[in-house]
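# Structure at a glance
Here is how the chains run, residue by residue.
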Amino acid sequence: MNILVSSFSKLLKAFIPDRCRICGTVVELDTNLCNDCHNLPSILSPVCESCGANVDDCSCKKSKNEYKQIIAPYYYKDSIVKGIHNFKENDMPFLAKEYAHDMADCFNQYYSDIKFDFITFVPARTFKKRVRGFNQSELLANELSLLLNIPVKDVLKKISYSGTQHHKTAKERKADVFATIDINDKYKSQLADKTVLLVDDVKTTGATLNECAKMLKIYDSKAVYALTFAITNRDKKSKNK
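Anyway, here's the lowdown on the structure attached to this text. If you're wondering where the values come from, they're calculated on a predicted model, not measured in any experiment.

Conventions and cut-offs
- Residues numbered from 1 in each chain as written.
- Predicted model: local features only at pLDDT ≥ 70, side-chain atom pairs only at ≥ 80, totals over all residues.
- Heavy atoms only, no water.
- Helix = DSSP H or I, 4+ residues; strand = E, 2+ residues; numbered from the N terminus.
- Polar contact = N/O pair within 3.5 Å; in protein donor to acceptor, adjacent residues only side chain to side chain.
- Contact = heavy atoms within 4.5 Å.
- Expected span 1.5 Å × (residues − 1).
- Buried < 20%, exposed > 50% of the residue type's maximum accessible area, 1.4 Å probe, protein only.
- Salt bridge = Lys/Arg side-chain N within 4 Å of Asp/Glu carboxyl O.
- Pairing = 2+ DSSP bridges.
- Right-handed = clockwise from strand over helix to strand, strands pointing away.

Along the chain, Asn 54 turns up in the loop between helix H2 (35-38) and strand S1 (69-71). Polar contacts involving the side chain of Asn 54 include one to the main-chain carbonyl oxygen of Pro 46, which spans 3.3 Å. In this structure Asn 54 touches Ile 43, Leu 44, Ser 45, Pro 46, Val 47 and Tyr 75, once residues within four positions along its chain are discounted.

Written as structure tokens, this is what we have:
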């Protein structure tokens, strides 16, 4: 029986190959990381509470955020960029489970002493969610809920389209996301004095996370902490551009 099971498993993997748990690239049998991701460095402690980068890498101006702190296991560069693209655009939602494990490790390092009332996530446009078949931030939040034993609530909703953000400056992003997020009606009376974990896949300038946290605080949430899989860390030479 064991021989049959083993043979079937090998046959199945011939049609459904193993993939790198970070970037989604096809890897050798029974391997979970590709060469590019094998020695991928994580963001080391101590980290800047304002931008999430290691303090030696930090180039932010410590501007006041609506969220109390931001953390992430990785910088948004190299194979992480490829992985996030595959996750969202190349139909690899299974990566959410893998990413959530690294995010949970990060959570346990920095947020383990905080009592969170619930997890919520950055909302997606209805059209975008329909095209992809999922909201990547929601998938991450659901996986984290299972790992951290904290309930998920779909508190936030997208009320207008802010346009493509990839090539815009921090000021342009901040202006674009203004008044694009609201609270779902059923939760508007349930947020007072709550401590919230806000989840997204990537933090670039933090404009979207700030808008989400602002709305949560408008409805009297006590504190909002952000957790993403990756953060963009701007080159120190370009921090004033």
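With that settled, the discussion passes to helix H6 (residues 136-148). Between its terminal C-alpha atoms H6 stretches 18 Å, which fits the 18 Å expected from 13 residues at 1.5 Å a residue. Considered for burial, the residues of H6 that qualify are Gln 136, Ser 137, Leu 140, Ala 141, Glu 143, Leu 144, Ser 145 and Leu 148. Against the buried residues of H6 lie helix H3 (79-89), helix H4 (95-110), strand S3 (118-121), helix H5 (126-132), strand S6 (195-203) and strand S7 (223-231). Directly after H6, the chain includes Asn 149, whose backbone phi takes a positive value near 60°.

It is possible for side chains of opposite charge to pair when their charged atoms get near one another. Under the criterion given, the structure shown has eleven salt bridges. Across the salt bridge formed by Glu 98 and Arg 21, the nearest N and O atoms sit 3.2 Å from each other. Linking Glu 98 in helix H4 with Arg 21 in the loop between helix H1 (2-15) and H2, this pair joins segments that are 77 residues apart in sequence. In this structure, Lys 129 and Glu 138 form a salt bridge, with 3.0 Å as the shortest nitrogen-oxygen distance. Residue classification places Lys 129 among the partly exposed residues on the basis of a relative accessible area of 35%. On the basis of relative accessible area, Glu 138 is assigned to the partly exposed category, the value being 22%. In the salt-bridge network here, residues are joined through shared partners; they are Arg 21, Glu 98 and Asp 102.

Before going further, it helps to examine the pairing of S6. Summarising burial for S6: nine of the nine residues are buried, a large majority. When S3 meets S6, the two strands line up parallel, connected through four bridges. Paired with Thr 120 across the two strands is Leu 198, which belongs to S6. In terms of strand pairing, S6 meets S7 through eight bridges, oriented parallel. The residue of S7 that forms the bridge with Asp 200 is Thr 228. For the segment spanning S6, helix H8 (residues 207-218) and S7, crossover handedness is right-handed.

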